[in-house]
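The residues making up each chain are set out below.
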Amino acid sequence: QHFPKYHAPHLRHGETVKDQFDELKPKCLSQCHSWLMEYNECVTRISMRTDGKGDCKGQYEELSQCQDHCIAHELFGHLK
């Protein structure tokens, strides 16, 4: 199999490549506000426990999946 060589984009001196992912992440986080609220409530509940048990992995995974889903749909519109 032959794979083409990767050629970095041509940039002017001092110019940097903007990562669209970094720009879309906060926007998509706001669209997933219900999962964010659920995660934050879990963190508050867990931090108040004195026995050290419990975690918020499930809520974090749901929040991440929501955000990734949003980013995936938005990101392909920015690709050339």
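Look up a bit, the structure's there.
Cut-off values and rules
Just so you know, the residues in each chain are numbered from 1, in the order the chain's sequence is written. Only residues with pLDDT of at least 70 are given local features in this predicted model, and only at 80 or more are side-chain atom pairs given and counted; all residues enter the totals for whole chains, interfaces and linings. Values shown for side chains rest on all heavy atoms present in the structure; no hydrogens or waters enter the calculation. Counting rule for disulfides: a pair of cysteine sulfur atoms within 2.5 Å. Runs of E in the DSSP output that reach at least two residues are strands. Runs of H or I that reach at least four are helices, and both are numbered from the N terminus. Any residue under 20% of the maximum accessible area for its type is buried, any over 50% is exposed, and the rest in between are partly exposed; the area is computed with a 1.4 Å probe on protein chains only. The span one expects for a helix is its residue count, reduced by one, times 1.5 Å. Distance and chemistry together define a polar contact, namely a pair of N or O atoms within 3.5 Å, with one atom able to donate a hydrogen and the other to accept it when in protein, and with adjacent residues in sequence counting only for side-chain atoms on both sides.

**Details of the state of the cysteines**
A full pass over the atoms with the stated rule returns three disulfides. In this model C28 forms its disulfide with C70; the gap between the sulfur atoms is 2.1 Å. On the sign convention where negative means left-handed, the S-S torsion of about -70° between C28 and C70 marks this disulfide as left-handed. Here the residue C28 occupies a position in helix α1 (residues 20-31), and C70 occupies one in helix α3 (residues 57-75), the gap between them amounting to 42 residues. C70 matches C28 in its accessibility class, with the two residues each being buried. Paired by a disulfide, C32 and C66 hold their sulfur atoms 2.0 Å apart. Residues C32 and C66 are joined by a disulfide whose S-S torsion is about -90°; by sign, that bridge is left-handed. Highlighted residues: C32 in the loop between α1 and α2 (33-48) and C66 in helix α3, separated in sequence by 34 residues. Taken N- to C-terminal, the disulfide-bonded cysteines of the protein chain are connected 1-6, 2-5, 3-4.

**Observations concerning α1**
Over its twelve residues, α1 runs 17 Å from end to end, which matches the ideal 16 Å to within 8%, given 1.5 Å per residue. Measuring from the backbone nitrogen of F21 back to the side-chain oxygen at the start of α1 gives 3.1 Å, which picks out D19 as the cap.

**A word on the environment of T50**
Relative to the helices and strands, T50 resides in the loop between α2 and α3. Residues T50 and L36, 14 residues apart in the sequence, show an inter-C-alpha distance of 24 Å.

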